[in-house]
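Fold and geometry: a report
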Amino acid sequence: MRIFIIAEIGINHNGDIEIAKKLIDVAKEAGCDAVKFQKRDINLVYSKEMLDSPRESPWGHTQREQKQGLEFGREEYDEIDRYCREKDILWSASAWETHSLEFLDRYDLKIAKVASAMMVSEEFLQAVAKRGKKTFMSTAMCTMEDIARAVSIFEKEHCPFELMHCVACYPLDPENANLKCIQTLRDTFQCPVGYSGHEMDGVISLAAVGMGATSIERHITLDRTMYGSDQKASLEPEELKVLCRNVRMLEKALGDGAKRMLDSENSVSKKLRAHLQCSY
């Protein structure tokens, strides 16, 4: 089984399309299957009071200026769509409200993503499910009841989906990873379960593959010291390459679970069991 690897660019492009394209290159060169962005209408997601509150950033002195500086519009997403087709890599974006979901409809996206924050909005989940695209749903900050409700909506719409075990800590402390939840989700909902991680290295993600994760999503960055709240919990280019290489190796190492003697073991068996005078 091939693990689906998603490079989460998110807002680590810092509002610069050239940085976004460099991150797409990083994901492609590392061997990822897709890149993902985040799309939101800040006037719908945040209150006016919050947006007008002070915040120092490269774009100005308010929350509004900071958040608007991180948002891409039609021109940038047109270029992302063109560039990803040129590089032959899938892309998607997690919408934070239905207006952004409708914005993304203009592109022929093959996959969708529901961010953990949106897992408690039935209206939004129904809107995503009605589109019928293979959807990855992160489960951070969710109860089992929240997840069951989301699963029911997607099953009712016959929309293919995959849950992703996730913990909303940036960066994630390993003791909070709770990877056994991958098995819990798989057993409870009888569906594929991936892992969306925010730790600072690749070890936990590899362990998730060993636990049966069918997809891996990790934030990526050109440099963790860059401006941005997600940069510290992201993988740098070389780290992403190592992760992808090791995931592909583990795919082969996990095998199919059937116990068998390999042809290459026969000569070893004859040598090590010769004193037993057994016939095999």
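An account of the accompanying structure is given in this report. (Residues numbered from 1 in each chain as written. Predicted model: local features only at pLDDT ≥ 70, side-chain atom pairs only at ≥ 80, totals over all residues. Heavy atoms only, no water.)

1. A closer look at the pairing of strand 1 (residues 4-10)
The buried count for strand 1 comes to seven of seven residues, which makes it a mostly enclosed element. Covered by surrounding structure in strand 1 are Phe4, Ile6, Glu8 and Gly10 together with Ile5, Ala7 and Ile9, the residues of both alternating faces. Where strand 1 and strand 10 (residues 215-219) come together, five bridges link them in parallel fashion. When the bridges of strand 10 are listed, Ala7 appears paired with Arg218. Looking at chain direction, strand 1 and strand 2 (residues 34-39) are connected through four bridges and run parallel. Of the residues in strand 2, the one forming a bridge with Gly10 is Phe37. As a crossover connection, the stretch from strand 1 through helix 1 (residues 17-30) into strand 2 is right-handed. (Buried < 20%, exposed > 50% of the residue type's maximum accessible area, 1.4 Å probe, protein only. Helix = DSSP H or I, 4+ residues; strand = E, 2+ residues; numbered from the N terminus. Pairing = 2+ DSSP bridges. Right-handed = clockwise from strand over helix to strand, strands pointing away.)

2. Points about the packing of aromatic side chains
Taken as a whole and judged by the stated rule, the model has 10 aromatic pairs. Plain terms: the ring middles of Phe37 and Tyr77 are 6.1 Å apart, the flat faces sit at 80° to each other, and that makes the pair edge-to-face. With a gap of 40 residues between them, Phe37 in strand 2 and Tyr77 in helix 5 (residues 74-87) connect regions that are remote in the sequence. On the basis of relative accessible area, Phe37 is assigned to the buried category, the value being 0%. On the basis of relative accessible area, Tyr77 is assigned to the buried category, the value being 0%. (Phe/Tyr/Trp six-rings, centres within 6.5 Å; stacked < 30°, edge-to-face > 60°.)

3. With respect to the pairing of strand 3 (residues 54-57)
Here strand 3 runs beside strand 4 (residues 60-62); their pairing, made up of two bridges, is antiparallel. By the bridge assignment for strand 4, Pro54 is matched with Thr62. Here strand 3 folds back onto strand 4 in antiparallel fashion, the turn holding two residues.

4. Let's talk about the sheet that holds strand 2
Ordered in space as 5-2-1-10-9-8-7-6, the eight strands form an open sheet in which the pairing is parallel. With one partner strand each, in any of the chains shown, strand 5 (90-95) and strand 6 (111-114) form the two edges of the open sheet. Ignoring which end each strand starts from, the neighbouring axes of this sheet average 25° apart. When strand 8 (residues 161-166) meets strand 9 (residues 193-197), the two strands line up parallel, connected through four bridges. Note on strand 9: the bridge partner recorded for His165 is Tyr195. Lying on the sheet, helix 8 (residues 144-156) is in contact with strand 6, strand 7 (134-138) and strand 8; it crosses strand 8 at an angle near 165°. Lying on the sheet, helix 9 (residues 181-189) is in contact with strand 8 and strand 9; it crosses strand 9 at an angle near 145°. (Axes fitted to C-alpha atoms, helices over the stretch in contact; angles between N-to-C directions. Contact = heavy atoms within 4.5 Å.)

5. Here we look at the environment of Val151
Locating Val151 in the fold gives a position in helix 8. Assessed through its relative accessible area of 4%, Val151 is described here as buried. Distance in space between the C-alpha atoms of Val151 and Ala129 is 9.9 Å, their sequence separation being 22 residues. Other than its neighbours up to four places away in sequence, Val151 contacts Phe161, Leu163 and Phe189.

6. Comments concerning helix 10 (residues 203-210)
Those residues of helix 10 that sit buried are Ile204, Ser205, Leu206, Ala208 and Val209. Among the structural elements, helix 9, strand 9, strand 10 and helix 11 (237-254) are those in contact with the buried residues of helix 10. Just past helix 10, the residue Gly212 takes up positive phi, approximately 100°.

7. Some words on empty space enclosed by the protein
One pass over the full model with this rule turns up one cavity of 30 Å³ or more. Roughly 130 Å³ of volume is contained in the largest cavity. The wall of the largest cavity is formed by Ala93, Leu101, Leu104, Asp105, Leu109, Ile111, Ala112, Lys113, Phe124, Val128, Arg131 and Lys133. Those elements that place two or more of their residues in the lining of the largest cavity are helix 6 (98-104), strand 6 and helix 7 (122-129). Split by residue class, the lining of the largest cavity holds eight nonpolar, no polar and four charged. (1 Å grid on protein atoms, 1.4 Å probe; cavity = no way out; pocket = protein on both sides within 12 Å on 5 of 7 lines; lining within 4 Å. Points joined across faces, edges and corners; volume = space filled by probe spheres on them. Nonpolar A, V, L, I, M, F, W, Y, C, P; charged D, E, K, R; others polar.)

8. Some remarks on the pattern of salt bridges
For the coordinates displayed, the defined rule picks out 26 salt bridges. The salt bridge partner of Asp33 is Arg2, with a shortest N-O separation of 3.0 Å. Here Asp33 is found in the loop between helix 1 and strand 2, whereas its partner Arg2 is found in the segment before strand 1, with 31 residues between them in sequence. According to the relative accessible area criterion, Asp33 is buried, its value standing at 16%. Note that Asp146 is salt-bridged to Arg149, the shortest N-O span being 3.3 Å. Residue Asp146 and its partner Arg149 are both found in helix 8; the two are separated by three residues, about one turn of the helix. (Salt bridge = Lys/Arg side-chain N within 4 Å of Asp/Glu carboxyl O.)

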